[in-house]
Protein chains: 4
Amino acid sequence: MIVVLRAGCTPEQRIALVRAIEAAGLRARVSEDHHRVVITVGGDEDRIRGVSLAAFDGVEKVVAFKKPYRLAAREFHPRDTVVEVGTDGIGGAHLVVMAGPCAVESEEGIFAAAEAVRAAGATILRGGAFKPRTSPYQFQGLGKPGLKMLRDAGRHFGLAVITEAMDTRHIDQVAEHADIIQIGTRNMQNFALLKAAAKTDSPILLKRGRACTVEEWLCAAEYILNGGNDRVILCERGLVSFDTAVRNQLDLSSVPLVKRLSHLPIVVDPSHGTGRADLVPAMARAAVAAGADGLLIEMHPKPKAARSDAAQALLPETLAALVPQLHAIREIARGNVAELPGV
Amino acid sequence: MIVVLRAGCTPEQRIALVRAIEAAGLRARVSEDHHRVVITVGGDEDRIRGVSLAAFDGVEKVVAFKKPYRLAAREFHPRDTVVEVGTDGIGGAHLVVMAGPCAVESEEGIFAAAEAVRAAGATILRGGAFKPRTSPYQFQGLGKPGLKMLRDAGRHFGLAVITEAMDTRHIDQVAEHADIIQIGTRNMQNFALLKAAAKTDSPILLKRGRACTVEEWLCAAEYILNGGNDRVILCERGLVSFDTAVRNQLDLSSVPLVKRLSHLPIVVDPSHGTGRADLVPAMARAAVAAGADGLLIEMHPKPKAARSDAAQALLPETLAALVPQLHAIREIARGNVAELPGV
Amino acid sequence: MIVVLRAGCTPEQRIALVRAIEAAGLRARVSEDHHRVVITVGGDEDRIRGVSLAAFDGVEKVVAFKKPYRLAAREFHPRDTVVEVGTDGIGGAHLVVMAGPCAVESEEGIFAAAEAVRAAGATILRGGAFKPRTSPYQFQGLGKPGLKMLRDAGRHFGLAVITEAMDTRHIDQVAEHADIIQIGTRNMQNFALLKAAAKTDSPILLKRGRACTVEEWLCAAEYILNGGNDRVILCERGLVSFDTAVRNQLDLSSVPLVKRLSHLPIVVDPSHGTGRADLVPAMARAAVAAGADGLLIEMHPKPKAARSDAAQALLPETLAALVPQLHAIREIARGNVAELPGV
Amino acid sequence: MIVVLRAGCTPEQRIALVRAIEAAGLRARVSEDHHRVVITVGGDEDRIRGVSLAAFDGVEKVVAFKKPYRLAAREFHPRDTVVEVGTDGIGGAHLVVMAGPCAVESEEGIFAAAEAVRAAGATILRGGAFKPRTSPYQFQGLGKPGLKMLRDAGRHFGLAVITEAMDTRHIDQVAEHADIIQIGTRNMQNFALLKAAAKTDSPILLKRGRACTVEEWLCAAEYILNGGNDRVILCERGLVSFDTAVRNQLDLSSVPLVKRLSHLPIVVDPSHGTGRADLVPAMARAAVAAGADGLLIEMHPKPKAARSDAAQALLPETLAALVPQLHAIREIARGNVAELPGV
């Protein structure tokens, strides 16, 4: 940790800081140059967290070195984590495609969707039973009956299933029916929900909050890892955008950045990431080229009849045409770890 | 609702749209000019929500007119709502100042803070018992014992108290101890929590999500109002910022905008809104000048010893000097509703 | 154009609007439903631009249909534009790779860079002579002598060259030495410079402003097209980001979006788009997979000795390894225009 | 300057860094703790700017201490700068109000506006002759004749005038006619224009770029100061926003932040800052409460007939009612420098 002092700080201010650092059992080394006094703190930064150096008089900024997450960090776990789901290994050599409607709308509808997902060559079926919606007057999902329909459709067509949990009181119910529990973007920092997810045995797909940094995202993953569940899959789904031409601003640079910082697998949701079906195939290809381990894509057999997010759902035939391209790009994109300058 | 068609749309595409609109029991009127075909939809927009016009071929954009919230809208409730808390009426003529530490840290500490809050002329005591923290290794709050300490300190000094609820399973406990339940920025779209808050009798202070529009915020308020609790107080606390000189970007334009769109009271948190104690007084004054009904300010008797957010906590004497200025500005800012052009 | 009135607007307000519309020689049709009065304006929107409907009493919003750009729009020019530069056709079947140092630093340096660019299989050499720098104390480029060195290095190795113009007074000088004139991100809305660029015969590479929408970008291109120069190449280079882990937030969704809205070629700059050499190869691959027609990549023979932007420069060997991958992805990504739902 | 190394860096990497630092004539001190190796660089940071430490192998981040601006910094110029314009001192005790139409539209119009500005108690007249417009098909201003009309109207009513310069080739012309030259938000980093402005004797009002940090803004001011013109007035005018309810997101925290970092005067433009006349008065009051030295407000005698930005122009009577409130708030807001914790 480094404490940078303001120009014009007084000797008394320096002394107060040094005393506080030493009182925490750490070492303080003061350096002084042309324009700045800097105090380098030696020892374990955690010991100083209870002392708020930033609130001391004369401090300009405090730069911490220790990352706020550990179990999620590649430096403590160099090898890629592979999360096994059904016959897939997410984070392994093969690309995993998850697809399906935004919401489970009926038994018939989810079975038709599952059939199309399977026919397109995807292996995991998505569909919401509990739906987070901006307005209380929008369709809120079928709830528990929807969970059962989803599971049945998945089983019938040999697909693993993924669905969202929104409430600590429902997470066991979701865990019982689904192969992967999704934590949605609005709940990325719902810490009660993260702690509850950590208590299940299920893989957790953790979507990035739409205005959260990669570091905050890895800290959210850390809540789950630290709570005892090491089967975390990250999912990039786009950031808030000032350009209303797209629903969200899909941040594909998070893919190689996460690969650099963490060992966890990462997938991309180009459907929410753009909000427009006409942009989804291009962005799905781009996600794989950037190094994503999988995709989460909205597909609806009849988008015009969808009860939510119709504008971003692919037609089954579009998905079917896309999947082989994605696998071909995966072949090219993999195995480029040696391209870092000087590493 | 208006459906704008792409240049080059076909007659078949128009016909399919008109049929879908009419099948929903609505009227479709097609207009055609130089460059665009536009279909105006007559009747209640809610009837068309199950039909996804945006997914039809040839559609460029769909513009809806009906607001996604109702009970929160000023057009259906023209008079200002005043939420009574203790002897204060939030949203009434007088400015309400809530202050206190980020977190309840000890019985002694919260009593000292309460005394300073009262001495400064504020009337409501804030303090977190359940703390949402980015990293699991940061101080998570004292939990239930903290709730009790906060309540006791408030009672002792004749202050109402406000604290945050983070989990549907704890909300009744919080309701029992606090005069106002806070929903934090990270939980603004935690819809399970909003629905649980609606079931309590407590006033709910709803912080704005750090990347949420005012419309999304009013929709979140609508979840509480629609669930049966009409005592909602909005709290602006800053948006995500690309400028790291501040922790958040405090959006004061939301204050007059909320006053225009809604009847709900609105307060401002300049502490999280800037993250810097040296900017808090100026932004507190600005918030009141913009029309805020109250302020939520972090103050700590000993910021250097604070276990969280020390850099943004005011000293007691700074708060005491500030409060009279805020009341003086309130006098000037109130009663300017007639300034809208042409209204 | 549609004018949506506020709930509670008066008959007088409607009449004033209708009169203003008719006075402009247009048709006004009033529709009234449950909650809203809407006026549909018939005729050429341009005739109403001198009348500010938004300033009339009782107006909630005005929705215009006509795009603010024309010559750049695909609807008026359906076929892809190909800009010929040397032996390359930017926007044609083949991917075009432009590479080189941030700045021309010396004759020796730019010759070494040109040699490496050619060896890597790229065909256009980049390098700044006039450098836009945040602080006046940073290296501002070599100016005119730098232009000459760049041109000489390009000629020697059979590479076309691209460099930036920053001032209307220098643009002819730049046009004389370079095969492509770059307009930088900070100057995307420097309308005097755009008009001056329109007067040259050179291809113009127009970088996207770091907080500009795609529509604003196409409007900037329109200034050049409308001024008489139809050789415009768009260049996505990343948007302002709240996440400081990257220098900019590279928006690859702009690539398929531009392809949808415009006929102009688009290239991507993953170097400024991320600011980190370790993320550049992944993002370069992703850009091509998203449909980019070319790339603009910073490469420096000795990044540690670079006078600007060293952290984002690739080593020559990294670029050489990357180029064949990019061409392979181009093969997969091209020719997917039929994937739009319902088109 | 501090160089933080990656976990797992090698001894060779450290040695290479130390050698490079020492080769630049600086001191390198290596510290090593639990998790991190840190090199503290002693001596004048400017000497290392030619060496790109960030590009060395094994470097995680480089933290510089020296600010990239100097003449603009309060630490080198503690007292407030007051820029004299006519009889006003911008940055002094009194609030300065500048008002007028977006554009000069006719001689008659600008005279009517000037009369209203004077009647409202404002002292400086604004109006654009060269207008930066997103689309080339929008009204571009009257150009040189507009400059003359503006000056004449100002003289007639005893008002100083401010207008924008957009092109290095026009700046002398603007300097000849106007009392203050405005550099617009889109040109904040048009460095050729900044350097040209530095060569004039005129006060320069420098608007903040809509996605620029306060540090970047002060660096832009530094270009003018460093070029020889010390009469710089900063103008906050709002940042890019994801919430389309407002045109821009007005950042009032920049006001106290600039006061902290710099001695330059700062004014606020609430008209562009919100884009909505109904929000302007509240935000004007808030700006003054935050500490702004002046305001730049759009007012039009007949907003409905305005050729640009009609929706954000105040009526003359609204401005007249607002000005006394602003002066009253100024009285309260001034003189609060002692409120910083511990300063």
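Residues numbered from 1 in each chain as written. Chains lettered and ligands numbered in written order. Predicted model: local features only at pLDDT ≥ 70, side-chain atom pairs only at ≥ 80, totals over all residues. Heavy atoms only, no water.

J.: What's the story with the relation of the copies chain B and chain A in this structure? I'm lost.
T.: Relating one copy of the chain to the other requires a rotation about an axis plus a shift along that axis. When chain B is fitted to chain A, the best match, at an RMSD of 0.1 Å, comes from turning it 180° and sliding it 0.0 Å along the axis. A rotation of that kind, with that shift, is consistent with a two-fold axis. No C-alpha of chain B lies nearer the rotation axis than that of Ala211 of chain B, which sits 3.0 Å from it. With an isologous cut-off of 70% or more, the 100% of interface residues of chain B that recur at the interface of chain A puts this contact in the isologous class. (Least-squares fit on C-alpha atoms with pLDDT ≥ 70 in both. Contact = heavy atoms within 4.5 Å.)

J.: Whenever I open this one, the packing of helix H5 (residues 191-198) of chain B against helix H6 (residues 214-226) of chain B confuses me. Can you help?
T.: When two helices pack together, you describe them by how their axes are tilted relative to each other and by the distance separating the axes. All names here are of chain B. Relative orientation of the contacting elements H5 and H6 amounts to 40°, with a least axis distance of 7 Å. Regarding the angle of H5 to H6, the classification is oblique. The chirality of how H5 crosses H6 is right-handed. Contact with H5, carried on its side by Phe191, Leu194, Lys195 and Ala198, involves Ala220, Tyr223 and Ile224 of H6 and no other residues of that element. (Axes fitted to C-alpha atoms, helices over the stretch in contact; angles between N-to-C directions. Helix = DSSP H or I, 4+ residues; strand = E, 2+ residues; numbered from the N terminus. Parallel < 35°, antiparallel > 145°, perpendicular 65-115°, else oblique. Left-handed = near helix turned anticlockwise from the far one by under 90°.)

J.: So what exactly am I meant to see when it comes to helix H5 (residues 191-198) of chain C here?
T.: Every α-helix carries 3.6 residues per turn, so stepping three or four residues along brings you back to the same face. Residue and element names in this part refer to chain C. Of all eight residues in H5, seven are buried; the element is thus mostly enclosed. Residues Phe191, Ala192, Leu193, Leu194, Ala196, Ala197 and Ala198 constitute the buried set of H5. Next to the buried residues of H5 lie helix H4 (171-177), strand E10 (180-183), strand E11 (204-207) and helix H6 (214-226). (Buried < 20%, exposed > 50% of the residue type's maximum accessible area, 1.4 Å probe, protein only.)

J.: Please explain the pairing of E11 of chain C as it appears in this structure.
T.: A regular strand carries its side chains on alternate faces of the sheet. Residues and elements named next belong to chain C. Residue alternation in E11 divides its side chains into two sets, Ile204 and Leu206 and Leu205 and Lys207, and both sets are buried. Since E10 and E11 lie parallel, the crossover through H5 that links them has a hand, and here it is right-handed. Of the pairings in the sheet, the one linking E11 to strand E12 (residues 232-236) comprises four bridges and is parallel in character. Across the sheet, residue Leu206 finds its bridge partner in E12, namely Leu234. Note that the unit made of E11, H6 and E12 has a crossover that is right-handed. (Right-handed = clockwise from strand over helix to strand, strands pointing away. Pairing = 2+ DSSP bridges.)

J.: Any chance you could explain the relation of the copies chain D and chain B here in plain terms?
T.: With an axial shift of 0.0 Å and an RMSD of 0.1 Å, the rotation relating chain D to chain B amounts to 180°. When the interface residues of chain D are mapped onto chain B, 100% of them again lie at the interface, so the same face is used by both copies.

J.: Explanation requested: helix H6 (residues 214-226) of chain A in the structure shown.
T.: All names here are of chain A. Its 13 residues give H6 an end-to-end C-alpha distance of 18 Å, which sits within 8% of 18 Å, the value for a rise of 1.5 Å per residue. Taken as a whole, H6 has its buried residues at Val214, Glu216, Trp217, Leu218, Cys219, Ala220, Ala221, Glu222, Tyr223, Ile224 and Leu225. Contacts made by the buried residues of H6 are with helix H5 (191-198), strand E11 (204-207), strand E12 (232-236), helix H7 (254-261) and strand E13 (266-268). A positive phi of about 115° marks Gly228, the residue just after H6. (Expected span 1.5 Å × (residues − 1).)

J.: Just to check I follow, could you spell out the confidence of the model for chain A for this structure?
T.: Regions with low pLDDT should not have their predicted coordinates read in detail. Taken residue by residue, chain A gives an average pLDDT of 92. The fraction at 70 or more is 96%. Confidence over residues 337-343 of chain A falls short of pLDDT 50; this stretch has 15 contacts with residues more than four positions distant or in other chains. (pLDDT = per-residue confidence, 0-100.)

J.: I'm lost on the pattern of salt bridges in this one. Help?
T.: Where charged atoms from two side chains of opposite charge come close, those side chains can pair. Summed over the entire model, instances satisfying the criterion amount to 63 salt bridges over all chains. Among the salt bridges present, the one from Glu298 of chain A reaches Arg126 of chain A, with a minimum N-O distance of 3.6 Å. Of this pair, Glu298 of chain A sits in strand E14 (residues 294-298) while Arg126 of chain A sits in strand E8 (residues 124-126), and the two are 172 residues apart along the sequence. Accessibility assignment for this pair places Glu298 of chain A and Arg126 of chain A in one class, buried. With a shortest N-O distance of 2.9 Å, Asp152 of chain D and Lys148 of chain D are connected by a salt bridge. Pair noted here: Asp152 of chain D and Lys148 of chain D are both in helix H3 (residues 144-157), with a separation of four residues, about one helical turn. One salt-bridge network, held together by shared partners, links Arg208, Glu236 and Asp251 of chain A together with Asp243 of chain C. (Salt bridge = Lys/Arg side-chain N within 4 Å of Asp/Glu carboxyl O.)

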